[in-house]
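Below are the chains, spelled out letter by letter.
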Amino acid sequence: MSSFAQKLVKWHQNYGRRGLPWQGVRDPYKVWLSEIMLQQTQVATVIDRYQLFLSKFPTVNALAQAPLDDVMALWAGLGYYTRARNLHACAKIIASEFNGKFPEEPETLNKLPGIGKSTARAIAAFCFNHSASILDANVQRLIARVYGIEGSLKTSSENKKLWDLADQLVPKEAALMPIYTQALMDFGATVCKPTAPICQNQVVNNCVYSADCIAFKNGLVMQIPLKIKKSPSKIVVSEMLLILSQDEILLEKRPSSGIWGGLWTLPETPWVEVKSENEVSNTSFQLEQFQPVVTFTNQSIYDEAKILAPLKHVFTHRTLYFSTKVVRVQKNMVKCNQSCDWVKKSDLGHLGLPTPIKKLLADFQVLKRVD
DNA sequence: CTCCGGGACT
DNA sequence: AGTCCCGGAG
């Protein structure tokens, strides 16, 4: 075994994370689900949702047969909703084309929707002892530091270098692949962290790679991996309508792609870009901007509605400010198109709602708080 | 409050 | 290179 893998596995025996519900699991369905959830999402957030998801959809066939809306509802709040749509699409393919059994080769897994190269290898390693390395952000950071790779990890040459190194470091015994792969993830998450890695602690630096790590020996740990400047996010403004009639609320189903794709939101105007935060409060909207989705039989219903102060929500590279008009109506005072539906307040829990909308409805006591 | 981290897809 | 969200850290 390479000394790298040896050290890592030994470290994991003593200090690896314990008690996570997907650890030690070899069932490809469960491993796949956990890996997709853990993409871009922290462990603490995933734990409960993973259990909930499995209790609702115990098998890949159960997931494949579920309506997409049910899957979206269960995913709501996790973010990156393309993952949920791909998850459902992938389950259908596994059920129909693979007889409900996940393929074992990373190359085959990688062709399925939502399963990239690294996730494919994680599934293959955990479930089938496949001897190929994962390369998620944790592993990239670890290898880049140990080998002192100072340039951008995004360039194709540096990226290839990382994959090559990662594969060279894999243990020879295939039976060690599950534990080694888990160890890679744990080490990046708890020792070779993006901020405050263990080796930067002046008192106790017990990192097993300190003697080998080029970044550590050259004092470059915090410079690696090179952080790319992100382009400033645009500021957009919108207005939403909280339309209530008795125990029902009017919601709009968003198109399946784009922001909050496939989720249910309040009817809203198109998002208007403004140049600075100052312009947010003096951006005004008109009833016509809700067409063709929603209109009222009487203009005054809109004009006289109470308006709530703008709320802020930050995306990767959009910052949204949305104000909300609250309208209480009879249903026949509203005209809406196909993308809208009246939903009973008691049914809101079954729908996929974006986090800020959920929060707004909870604050407005339309939706009962879940936490 | 602001900032930052984290894969797949196009 | 740009598009997708959220929660935790600071």
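Please read these numbers as outputs of a predicted model, since none were measured by experiment. (Residues numbered from 1 in each chain as written. Chains lettered and ligands numbered in written order. Predicted model: local features only at pLDDT ≥ 70, side-chain atom pairs only at ≥ 80, totals over all residues. Heavy atoms only, no water.)

**Structural notes on the protein's contact with DNA strand B**
(1) Moving on: The local shell around DNA strand B holds 18 residues, among which Q40, G114, T119, A137 and R141 are the closest.
(2) Moving on: Within 4 Å of the protein, the contacting atoms of DNA strand B are drawn from sugar and phosphate to the extent of 65%.
(3) Moving on: Here a phosphate oxygen of DNA strand B sits 2.2 Å away from a polar atom, N or O, in the side chain of T119.
(4) Moving on: One of the backbone N or O atoms of A137 is found 2.9 Å from a phosphate oxygen in DNA strand B. (Near = heavy atom within 4 Å. Polar contact = N/O pair within 3.5 Å; in protein donor to acceptor, adjacent residues only side chain to side chain.)

**Some remarks on the pattern of salt bridges**
(1) Moving on: Taken as a whole, this structure holds eight salt bridges when the rule is applied.
(2) Moving on: For K7, the salt bridge is made with D212, and the minimal N-O distance between the two is 2.8 Å. In this pair, K7 sits in helix α1 (residues 3-15) while D212 sits in the loop between α11 (177-190) and α12 (214-217), placing the two residues 205 residues apart along the sequence.
(3) Moving on: For K161, the salt bridge is made with E158, and the minimal N-O distance between the two is 2.9 Å. Taken together, the residues K161 and E158, both in helix α10 (residues 156-169) and three residues apart, mark about one turn of the helix.
(4) Moving on: Given the relative accessible area of 14%, E158 is considered buried. (Salt bridge = Lys/Arg side-chain N within 4 Å of Asp/Glu carboxyl O. Helix = DSSP H or I, 4+ residues; strand = E, 2+ residues; numbered from the N terminus. Buried < 20%, exposed > 50% of the residue type's maximum accessible area, 1.4 Å probe, protein only.)

**Looking at the domain arrangement of chain A**
(1) Moving on: Domain assignment breaks chain A into domain 1 (3-223) and domain 2 (234-363).
(2) Moving on: Relative placement of domain 1 and domain 2: their C-alpha centres are 37 Å apart.
(3) Moving on: Both faces considered, domain 1 and domain 2 share a buried interface measuring about 760 Å² in area, 48% of it formed by carbon and sulfur atoms.
(4) Moving on: Interface area lost by domain 1 to domain 2 is led by D69, Y81 and R85, which between them contribute 51%.
(5) Moving on: Put simply, domain 1 and domain 2 have one salt bridge between them.
(6) Moving on: D69 is paired through a salt bridge with K253; the nearest N and O atoms lie 3.5 Å apart.
(7) Moving on: Looking at the side of domain 1 that touches domain 2 residue by residue, the classes come out as five nonpolar, one polar and two charged. (Domains from an automatic or database assignment. Buried area = accessible area lost by both parts, 1.4 Å probe. Nonpolar A, V, L, I, M, F, W, Y, C, P; charged D, E, K, R; others polar.)

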